[in-house]
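Coordinate inspection notes
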Amino acid sequence: MKIVFGKKEEEALYQDALYVRRLVFVEEQHVPVEEEIDHFEDEAIHFVLYDETKPVGAGRLRLLDEATSKIERICVLHDYRKKGIGRLLMEHIEQVAKQHGAAKAKLNAQTHAEPFYKKLGYETISDVFLDAGIPHVTMVKIL
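Structural notes, computed from the coordinates. Everything numeric in this text was worked out from a predicted model, so none of it was measured. (Residues numbered from 1 in each chain as written. Predicted model: local features only at pLDDT ≥ 70, side-chain atom pairs only at ≥ 80, totals over all residues. Heavy atoms only, no water.)

Our focus in this paragraph is the layout of surface pockets. Volume-wise, the largest pocket comes out at about 1,100 Å³. Along the walls of the largest pocket sit 40 residues, with Ile74, Cys75, His112, Ala113 and Tyr117 positioned nearest its centre. Per-element accounting of the lining of the largest pocket gives the leading share, 7 residues, to strand E4 (residues 68-76). Looking at side-chain class alone, the lining of the largest pocket contains 18 nonpolar, 7 polar and 15 charged residues. (1 Å grid on protein atoms, 1.4 Å probe; cavity = no way out; pocket = protein on both sides within 12 Å on 5 of 7 lines; lining within 4 Å. Points joined across faces, edges and corners; volume = space filled by probe spheres on them. Helix = DSSP H or I, 4+ residues; strand = E, 2+ residues; numbered from the N terminus. Nonpolar A, V, L, I, M, F, W, Y, C, P; charged D, E, K, R; others polar.)

Moving on to helix H1 (residues 11-28). An α-helical turn contains 3.6 residues, so any two residues separated by three or four positions project in the same direction. Between the first and last C-alpha of H1 there are 24 Å, a value that for 18 residues agrees with the 26 Å anticipated at 1.5 Å per step. At arginine 22, H1 is deflected by roughly 35°, the largest bend along its length. Looking at H1, one finds that the buried residues are Leu13, Tyr14, Ala17, Leu18, Val20, Arg21, Val24 and Phe25. Its buried side turned inward, H1 meets strand E1 (2-6), helix H2 (33-36), strand E2 (45-51), strand E3 (54-63), E4 and strand E5 (104-110). (Expected span 1.5 Å × (residues − 1). Bend = angle between axes of the 7 residues up to and from the residue. Buried < 20%, exposed > 50% of the residue type's maximum accessible area, 1.4 Å probe, protein only. Contact = heavy atoms within 4.5 Å.)

Phe47, Leu61, Ile71, Met90, Leu107, Tyr117 and Tyr122 are the most contacted members of the largest nonpolar core, which totals 38 residues. By residue number, the principal contributor to this core is helix H3 (residues 85-99), which donates 6 residues. Once residues within four sequence positions are removed from consideration, leucine 61 is found in contact with Ala44, Ile45, Phe47, Ser69, Lys70, Ile71, Ile93, Val96 and Ala97. (Core = buried A, V, L, I, M, F, W, Y, C linked by side-chain atoms within 4.5 Å.)

Our next topic: the pattern of salt bridges. Throughout the structure, instances matching the rule amount to 15 salt bridges. The closest approach of N and O atoms between glutamate 36 and arginine 21, which form a salt bridge, is 2.5 Å. Linking glutamate 36 in helix H2 with arginine 21 in helix H1, this pair joins segments that are 15 residues apart in sequence. In this structure glutamate 36 comes out as buried when scored by relative accessible area, which is 4%. Linking arginine 87 and glutamate 91 is a salt bridge whose minimum nitrogen-to-oxygen distance equals 3.5 Å. Of this pair, arginine 87 and glutamate 91 both sit in helix H3, 4 residues apart, which is roughly one turn of the helix. Using a relative accessible area of 37% as the deciding quantity, one classes glutamate 91 as partly exposed. (Salt bridge = Lys/Arg side-chain N within 4 Å of Asp/Glu carboxyl O.)

Now for the side chain of glutamate 72. Its place among the elements puts glutamate 72 in strand E4. Separated by 2.8 Å, the side chains of glutamate 72 and arginine 60 make a polar contact. (Polar contact = N/O pair within 3.5 Å; in protein donor to acceptor, adjacent residues only side chain to side chain.)

Moving on to the environment of glutamate 41. Considering the arrangement of structural elements, one finds glutamate 41 in the loop between H2 and E2. Considering only alpha carbons, one finds glutamate 41 and lysine 8, 33 residues apart in sequence, at a separation of 6.8 Å. Not counting chain neighbours up to four residues away, the residues in contact with glutamate 41 comprise Lys8, Tyr14, Arg21, Glu36, His46 and Arg60. A polar side-chain atom of glutamate 41 sits 3.2 Å from a polar atom in the side chain of tyrosine 14.

Now the structure itself:
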């Protein structure tokens, strides 16, 4: 497994990220594509986790201010879940956030994934809310 990251301008990387996101969020979870692909794509750092040459995981990172990062769109293809890939992806994204000066990471987790993020050290700081019709909570972690 390898993780590659970069900006939207790196077209092949960005298309691989969208491939995984479309399969997981749009096809599997029925999130409308116009909600999945938003106006933050240009400013985000996009991450893709590959099994050889196949994109199997994705996520993105935005720097909200000099101390806070926001981790978004974390997803792993169905056949690759429960194998530690999500943890690997998250750890890599957190490292890049720290390299950019972030002291804190924030994310909106689907409630079914809340235990996964808690194992990684995230703390829930909100009540449940709907995003794209899916229950979420906001979580934070000091990096």
